[in-house]
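These are the residues of each chain, in order.
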Amino acid sequence: MAARRISASDQDYLRAIYDAGGRSRSVKTGEIAHVLHRTPAAVTAALKRLHGRGLVDYRRFYGAVLTPSGERRALEMVRHHRLIERFLVEFLDYDWNDVHDEADRLEHVISEEMERRMAAKVSDPTTDPHGDSIPNEALDALEDDARRLTDLPDGTAFEVARVSDRNRAVLTYLEEIQLVPGACGAVARRLPFDGPLVIRLDDEEITLSRTVSDSVFVRPA
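Residues numbered from 1 in each chain as written. Predicted model: local features only at pLDDT ≥ 70, side-chain atom pairs only at ≥ 80, totals over all residues. Heavy atoms only, no water.

Trainee: Help me out: how do you make sense of the sheet that holds strand β3 (residues 147-148) in this one?
Mentor: By way of backbone hydrogen bonds, the strands of a sheet pair with one another, either parallel or antiparallel. What the six strands build is an open sheet, ordered β3-β8-β4-β5-β6-β7; its pairing is antiparallel. At either end of the open sheet lies a strand with only one pairing partner, and these are β3 and β7 (204-208). Relative to strand β5 (residues 184-190), strand β4 (residues 157-163) is paired through three bridges, and the arrangement is antiparallel. Residue pairing across strands places phenylalanine 158 opposite glycine 185, the latter belonging to β5. Sheet contacts for helix α7 (residues 168-177): β4, β6 (197-201), β7 and β8 (216-220); angle to β7, the most-contacted strand, approximately 170 degrees. (Pairing = 2+ DSSP bridges. Helix = DSSP H or I, 4+ residues; strand = E, 2+ residues; numbered from the N terminus. Contact = heavy atoms within 4.5 Å. Axes fitted to C-alpha atoms, helices over the stretch in contact; angles between N-to-C directions.)

So, in structure tokens, the structure goes:
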């Protein structure tokens, strides 16, 4: 039996839960509301609806975890979104900080045939322009061992694996300082009293706000 269609709004909820780690942990209502710019009441109503359809396991005060069916639906949207971003950058000359909103709109409407043709055109890439992994056509689960730059101990050398694509201004800044996927650096120190993070990048020390360091995901170099 073919899977029942779900609305574009509910697809957004599933992808937001996935992006927040909701395949392995419970994602709070407030986290989803912040990412999608929705009210907590609207998020709660959506989670109850998705719970009723067997796509999330939702419990009041604990949040939501994707079920296997929900994860597969989310992975489909993730694949669409990231393929579209790659296509826009490679063939339509978009900057990497301009593609997220376009992909948000288009991910809901492309057909599976268009998805296959788009994937072939960009040679079946494994990552999008921001370093995020693109699920394969079989929608197999993705593995991700990258950590937030914010969480690294002082003195740790790192290579940037991916960056969040949700803040256009942050992406512009990361491009300016060349803290992009593939860049290598090291954590120099953390300033006191919850101060910013200082990193070394190309023999230069750069001070990063929490907003920026939270947007960068790295692996030990």
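From this point, things continue past the structure.
Trainee: Looking at this structure, how should I read unusual backbone geometry?
Mentor: Trans is the prevailing form of peptide bonds, just as negative phi is the prevailing case for residues other than glycine. Positive phi, close to 60 degrees, is recorded for leucine 139, a residue that is not glycine. By the element assignment, leucine 139 lies in the loop between α6 (112-121) and β3. A residue is classified by how much of its surface remains accessible, and leucine 139, at 14% relative accessible area, is buried. Within the chain, glutamine 178 stands out as a residue other than glycine whose phi angle is a positive 60 degrees. (Buried < 20%, exposed > 50% of the residue type's maximum accessible area, 1.4 Å probe, protein only.)

Trainee: Honestly, the packing of aromatic side chains in this entry has me stumped. Any pointers?
Mentor: Centre distance and the angle of the planes are the two values used to describe a pair of aromatic rings. If you walk through the whole model with that rule in mind, you get one aromatic pair. On the numbers, 5.3 Å between centres and 25 degrees between planes, the contact of phenylalanine 87 with phenylalanine 91 is stacked. Of this pair, phenylalanine 87 and phenylalanine 91 are both found in helix α4 (residues 68-91), four residues apart, which corresponds to roughly one turn of the helix. The positively charged end of arginine 23 is found above the aromatic ring belonging to tyrosine 18, 4.3 Å away from the centroid. (Phe/Tyr/Trp six-rings, centres within 6.5 Å; stacked < 30°, edge-to-face > 60°. Lys NZ or Arg CZ within 6 Å of the ring centre and 35° of its normal.)

Trainee: Looking at this model, I keep getting lost on the layout of surface pockets. Mind explaining?
Mentor: Empty pockets left among the atoms are what a rolling probe the size of a water molecule brings to light. Put simply, the largest pocket is a space of about 1400 Å³. Along the walls of the largest pocket sit 45 residues, with Asp19, Ala20, Val35, Ser164 and Arg166 positioned nearest its centre. Top contributing element to the lining of the largest pocket by residue count: helix α1 (residues 8-19), with five residues. Here the residues of the lining of the largest pocket sort into 11 nonpolar, 14 polar and 20 charged. Around the second largest pocket sit 17 residues that line it, and Arg5, Gln11, Glu76, Met77 and Glu112 are the ones nearest its centre. (1 Å grid on protein atoms, 1.4 Å probe; cavity = no way out; pocket = protein on both sides within 12 Å on 5 of 7 lines; lining within 4 Å. Points joined across faces, edges and corners; volume = space filled by probe spheres on them. Nonpolar A, V, L, I, M, F, W, Y, C, P; charged D, E, K, R; others polar.)

Remember that the coordinates give geometry; whether it matters functionally is a separate question.
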